[in-house]
Amino acid sequence: TIWDDAGAVYFFSDIDTALTGTDLDPESLYDAKVLCGNADCALGFTLGNPGDVDGDGTDDVFVREYDGTDIGETAWLFGGHLLSGDLEQDEAAIMGFVTESVGANTGHMMMTGDFDGDGALDIVISAYGYQTSATTTGKVYVYLSSTWGY
C-alpha cells in the first residue's frame, strides 16, 4: 500500500550550488534528515511554510504525518536551520500537535498569522474530521504565541 514507508523530511542549505545535473541524490546533499520514529507514519504527508514562527530570523516548516488510519496523525513544526544529522521527529520539533480523535485529520490545513495583534505569528491547525460522540463537528486549534513561548 501507499503507507509502507515511514517517510522522511530532508533539510538543505545552499542547495542551489549543488543543483547540477539530473541525477540528484538527497541522501548525499542534506544537512538534516528527520525520520518518523514508528512505522507507517508517512512523515511529510503535508508540508507548509508558516514563516518565522519562533522569531529566530529564519522560516520554519510545518510537516504532517499520517498513518493511513488517522489514529497517529500529528502536525509538527520544525525550525530547519537548527537541525543537522539524522533525527527523529519528536527530538527535532519545536512543537507537535497530536490528534484528539480518530479520523480528525489534524493538520490537514495549517497556517499562521498575528491573530492577537502582538506582532508575533500565531498558529492555526484544522481538524476537520474531529468527532464528539458520533457527530463529526470539526475543530480548529488556535495557538497564540504568547501562550506557547515564542
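Calculation notes
- Residues numbered from 1 in each chain as written.
- Predicted model: local features only at pLDDT ≥ 70, side-chain atom pairs only at ≥ 80, totals over all residues.
- Heavy atoms only, no water.
- Core = buried A, V, L, I, M, F, W, Y, C linked by side-chain atoms within 4.5 Å.
- Buried < 20%, exposed > 50% of the residue type's maximum accessible area, 1.4 Å probe, protein only.
- Helix = DSSP H or I, 4+ residues; strand = E, 2+ residues; numbered from the N terminus.
- Pairing = 2+ DSSP bridges.
- Axes fitted to C-alpha atoms, helices over the stretch in contact; angles between N-to-C directions.
- Polar contact = N/O pair within 3.5 Å; in protein donor to acceptor, adjacent residues only side chain to side chain.
- Phe/Tyr/Trp six-rings, centres within 6.5 Å; stacked < 30°, edge-to-face > 60°.

**Observations concerning the nonpolar core**
For step 1, the next point in the chain: Ranked by size, the top nonpolar core spans 14 residues in total, and within it Phe11, Val34, Leu43, Phe78, Leu83 and Ala92 carry the most contacts.
For step 2, the next point in the chain: Secondary-structure elements contributing two or more residues to this core are strand 1 (8–11), strand 2 (32–35) and strand 5 (74–78).

**Here's the deal with the sheet that holds strand 1**
For step 1, the next point in the chain: If you trace the 3 strands from one edge of the open sheet to the other, you get 1-2-6, paired in mixed fashion. Each edge of the open sheet carries a strand with a single partner, namely strand 1 and strand 6 (85–88). Pairwise comparison of adjacent strand axes, ignoring direction, gives a mean angle of 20 degrees for this sheet.
For step 2, the next point in the chain: In terms of strand pairing, strand 2 meets strand 6 through 4 bridges, oriented parallel. Residue Ala32 lies in a different strand from strand 6, and its bridge partner there is Gly85.

**What to know about the environment of Arg64**
For step 1, the next point in the chain: Mapped onto the fold, Arg64 is located in strand 4 (residues 60–65).
For step 2, the next point in the chain: When the C-alpha atoms of Arg64 and Phe45 are compared, they prove to be 5.6 Å apart, with 19 residues separating the residues in sequence.
For step 3, the next point in the chain: Of the polar contacts made by the side chain of Arg64, one reaches the side chain of Asn105; its length is 3.3 Å.

**Focus: unusual backbone geometry**
For step 1, the next point in the chain: At Asn105, a residue that is not glycine, the phi angle is positive and equals roughly 55 degrees.
For step 2, the next point in the chain: Relative to the assigned elements, Asn105 resides in the loop between strand 7 (93–98) and strand 8 (106–113).

**Overview of the packing of aromatic side chains**
For step 1, the next point in the chain: Counted by the stated rule, this structure contains 5 aromatic pairs.
For step 2, the next point in the chain: The interplanar angle of 15 degrees and the centroid separation of 6.3 Å between the aromatic rings of Tyr141 and Tyr143 together place this pair among those described as stacked.
For step 3, the next point in the chain: Residue Tyr141 is classed as buried on the basis of its relative accessible area, which comes to 13%.
For step 4, the next point in the chain: Judged by its relative accessible area of 27%, Tyr143 is partly exposed.
For step 5, the next point in the chain: Put simply, the rings of Phe11, Trp76 and Phe78 pair up and form one aromatic cluster.

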